[in-house]
Amino acid sequence: MKVEIKTAKFDPWQEIKSYQEQMQKEGLFGAMASFVGSMRDFNDGDKVTAMELEHYPGMTEKHLEGICKEAGNKWELVDVLVLHRVGKIKVGDPIVLVCVWSAHRAAAFDACRFIMEDLKSKAPFWKQETLEQGKRWVEKNTQG
Amino acid sequence: MKVEIKTAKFDPWQEIKSYQEQMQKEGLFGAMASFVGSMRDFNDGDKVTAMELEHYPGMTEKHLEGICKEAGNKWELVDVLVLHRVGKIKVGDPIVLVCVWSAHRAAAFDACRFIMEDLKSKAPFWKQETLEQGKRWVEKNTQG
Amino acid sequence: MTIRVKYFASLRESFGRGEDSLEIGSDPVTVSELWDRLTGRKQAMPDNVLTAINMEYVKPDTQVKDGDEVAFFPPVTGGKL
Amino acid sequence: MTIRVKYFASLRESFGRGEDSLEIGSDPVTVSELWDRLTGRKQAMPDNVLTAINMEYVKPDTQVKDGDEVAFFPPVTGGKL
C-alpha cells in the first residue's frame, strides 16, 4: 500500500505502471480499478484558470492511510495506491489517483469508489480557485 | 470513442496515455475511471498456466461499440476507450481495458462498470484455459 | 437460398469446422431448424447455445433469409479470469 | 499546559496566521472553549468548522491535554474539481 502527497505534477499512468512492477504480484490479481481526478476549466458555471490545493501535512497522509486500511478490511484487496497533488495546479493536471488491485472485479470497483468518496468528503484538503474575477475558497464539494 | 481487438500484448497505461493525448479534451473532463482485467494464475481452484481467447471477428467489435453507445446514452460522457485481447495470453497479461472520461466522477465510475459487466456477460469472447492436466473451455463466468 | 453458418469455441471443435455454406430451398426456416439440419437431428439444440444472425443476437425461432450469416456459439466467457 | 494550534485555508487567512502556541492553565478546556479564547469570544465557533486533535477528527466538546496539537479548519473540498 502506498499513499503519497505530490507537490509537483505527476503522470498517473507512469505511477501505476512503476508501482505495479515493483509489487511483483503478477498472476495474483485479475482486476485493477483506477480513478484519476483532474482539473477542469469550469466549476459552478465559472471559468477557472488555476487552482491551489492546501493540505494538513501529517494528518492528510494519516487520514488517507486510514481510508485504505478500512477498504482493505471491507474487501479482499491485493494492493492500493493513492496519490494526491497539492500546491498550484494547472487546467488538465491530474489531482488525485486511486488505484486498487484485487482478484475479482467487484472488490476493485467497490474499494476504488469507496476510497474516492471518503477522500472527497473527509480528507483534509482545501482548494482555492483562481477565476477571472479573482480567487475564491471552494466551500462545498461537487456532487458525485 | 475507440473499440479495438488486440492480437498482441498491450500496455494499458501507454494506451490510455496516447488516447487521452490525442483526444485533446484537457479541462473538459474532471474524472477518468478505468478497469484493467488481467490473467490470473488460478481459476476455480486450478492452476492455470496459459489461456487462449477466441472472438467472433466483426460481431465482437460491433457488440462492444453498441455497449459504449448505450453507456453514452445513459450517462454524460466525454470519451470511452475499450481494448480487448484475443489469442494466446500469458499469466499477468492485460486482457481487457475499459476507460471512461466524464466531467464528474459518478458518470465515469457507473459507465465503466456498466461496460465491464455487459462485456463480461454478453460480448462474444470464449476462453480456453491450459491447466496442468490439459485444456478446457470455460463454460461460466466468475462472479463479480 | 444461400446461408453462411459459423461455429465458435467448443461448438467449432465438436462440429469439426468453423464455417459452412448451405444451399437450402425457399421454404421458411428458423435458426433452430437450421441447427437440426446441420446436426441431422441427432440432438435438439442445447438451451445454452447462443445464436446470431448477421452479427446480432437473435432467438432460435427467428427466421433466416437468403444471404444471412448465422452463428452458433457456447455461452460467452470473455473479459478477465 | 502548552497547546499548539493550527489553522488552515480560509481560517488561516482570517486568523492572519497558520499556527499559535498557547500557554494555558491546568483547568480542563474543550476544543470549542479554546476557540473562544483564541477569538476573544468575538464569535461562537461556526457549525461548519472542523476540529482535530493530534491529527484525528474530534468533536468540539473534546477536552484538550498538555502537548496536544489542535487544528481548526473549514469544510474539506479535496479531490478533483
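Residues numbered from 1 in each chain as written. Chains lettered and ligands numbered in written order. Predicted model: local features only at pLDDT ≥ 70, side-chain atom pairs only at ≥ 80, totals over all residues. Heavy atoms only, no water.

**Overview of the overall build of chain C**
Now for step 1: Scanning chain C from terminus to terminus reveals two helices and five strands.
Now for step 2: Sequence-ordered secondary structure for chain C, helices as α and strands as β, is β-α-β-α-β-β-β.
Now for step 3: Once local pairs closer than 6 in sequence are excluded, the contacts in chain C between residues at least 24 apart make up 49%.
Now for step 4: In the form shown here, chain C has an accessible surface area of approximately 4,100 Å², with 46% of it arising from carbon and sulfur atoms.
Now for step 5: Positive and negative side-chain charges in chain C, numbering 10 and 13 respectively, have mean positions lying 5 Å apart. (Helix = DSSP H or I, 4+ residues; strand = E, 2+ residues; numbered from the N terminus. Contact = heavy atoms within 4.5 Å. Areas by Shrake-Rupley, 256 points an atom, 1.4 Å probe, with all protein chains shown as cover. Lys, Arg positive; Asp, Glu negative; His and termini not counted. Charge placed at Lys NZ, Arg CZ, Asp CG, Glu CD.)

**Some thoughts on the relation of the copies chain B and chain A**
Relating the two copies of this chain is a rotation about some axis coupled with a shift parallel to it.
Now for step 1: The two copies are related by a screw operation: chain B maps onto chain A through 180 degrees of rotation and 0.0 Å of translation along the axis, at an RMSD of 0.0 Å. Both copies of the chain, as the preceding transformation shows, are related through a two-fold rotation axis.
Now for step 2: Interface overlap between copies: 100% of the residues of chain B at the interface are likewise at the interface in chain A, consistent with a symmetric, same-surface contact. (Least-squares fit on C-alpha atoms with pLDDT ≥ 70 in both.)

**Focus on the interface of chain B and chain A**
Now for step 1: Chain B puts 38 residues into the contact, and the matching count from chain A is 38 residues.
Now for step 2: Between chain B and chain A lies a buried interface of about 3,500 Å² when both sides are counted; carbon and sulfur atoms form 52% of it.
Now for step 3: Of all residues in chain B, Trp 13, Arg 105 and Phe 109 of chain B bury the most surface against chain A, accounting for 24% of the area lost on that side.
Now for step 4: The partner of Arg 105 of chain B in a salt bridge is Glu 117 of chain A, with the nearest N and O atoms 2.8 Å apart.
Now for step 5: Scanning the region where chain B abuts chain A turns up 19 residue pairs in polar contact (both at pLDDT 80 or more).
Now for step 6: Contributions of two or more residues to the side of chain B that touches chain A are made by helix H1 (12-23), strand S2 (31-38) and helix H3 (105-122) of chain B.
Now for step 7: If one sorts the elements of the side of chain B that touches chain A by residue count, H3 of chain B sits on top with nine residues.
Now for step 8: Taken together, the residues that form the side of chain B that touches chain A break down as 17 nonpolar, 11 polar and 10 charged. (Buried area = accessible area lost by both parts, 1.4 Å probe. Salt bridge = Lys/Arg side-chain N within 4 Å of Asp/Glu carboxyl O. Polar contact = N/O pair within 3.5 Å; in protein donor to acceptor, adjacent residues only side chain to side chain. Nonpolar A, V, L, I, M, F, W, Y, C, P; charged D, E, K, R; others polar.)

**Quick notes on the environment of Trp 126 of chain B**
Now for step 1: By the secondary structure assignment, Trp 126 of chain B is in strand S8 (residues 125-131).
Now for step 2: Separated by 82 residues in the primary sequence, Trp 126 of chain B and Asp 44 of chain B place their C-alpha atoms 16 Å from one another.
Now for step 3: There is a polar contact of 2.9 Å between the side chain of Trp 126 of chain B and the backbone oxygen of Pro 74 of chain C.

**Topic: the interface of chain B and chain C**
Now for step 1: Taken together, the contact pairs 36 residues of chain B with 23 residues of chain C.
Now for step 2: Across the chain B to chain C interface the summed buried area is about 2,400 Å²; carbon plus sulfur atoms make up 59%.
Now for step 3: It is Tyr 56, Met 59 and Trp 126 of chain B that lose the most area in chain B upon contact with chain C, and together they represent 28% of the buried surface on that side.
Now for step 4: Linking chain B with chain C are two salt bridges.
Now for step 5: Among the salt bridges present, the one from Glu 54 of chain B reaches Arg 12 of chain C, with a minimum N-O distance of 2.3 Å.
Now for step 6: Applying the counting criterion to the chain B and chain C interface returns 10 residue pairs in polar contact (both at pLDDT 80 or more).
Now for step 7: Counting only elements with at least two residues in the side of chain B that touches chain C, the list comes to S2, strand S4 (46-55), helix H2 (59-74), strand S7 (94-102), H3 and S8 of chain B.
Now for step 8: Considering every element that reaches the side of chain B that touches chain C, the biggest residue donor is S8 of chain B, with five residues.
Now for step 9: In terms of residue class, the side of chain B that touches chain C is made up of 16 nonpolar, 11 polar and nine charged.

**Section: the pattern of salt bridges**
A side chain of one charge can pair with a side chain of the opposite charge when the charged atoms of the two come close.
Residue and element names in this part refer to chain A.
Now for step 1: Overall, the coordinates contain 36 salt bridges over all chains when judged by the stated rule.
Now for step 2: We note a salt bridge from Asp 118 to Lys 122, for which the minimum N-O separation is 3.4 Å. Placement of the pair is Asp 118 and Lys 122 together in helix H3 (residues 105-122), with a separation of four residues, close to one helical turn.
Now for step 3: Here Lys 122 falls in the partly exposed class, since its relative accessible area comes to 42%.
Now for step 4: Beyond isolated ion pairs, a larger network of salt bridges with shared partners links Lys 2, Glu 4, Lys 6 and Glu 15. (Buried < 20%, exposed > 50% of the residue type's maximum accessible area, 1.4 Å probe, protein only.)

**What about unusual backbone geometry?**
Residue and element names in this part refer to chain C.
Now for step 1: Phi at Ala 9 takes a positive value of approximately 55 degrees, unusual for a residue other than glycine.
Now for step 2: With respect to the helices, strands and loops of the structure, Ala 9 is situated in helix H1 (residues 9-15).
Now for step 3: For Ala 9, a relative accessible area of 0% corresponds to the buried category.

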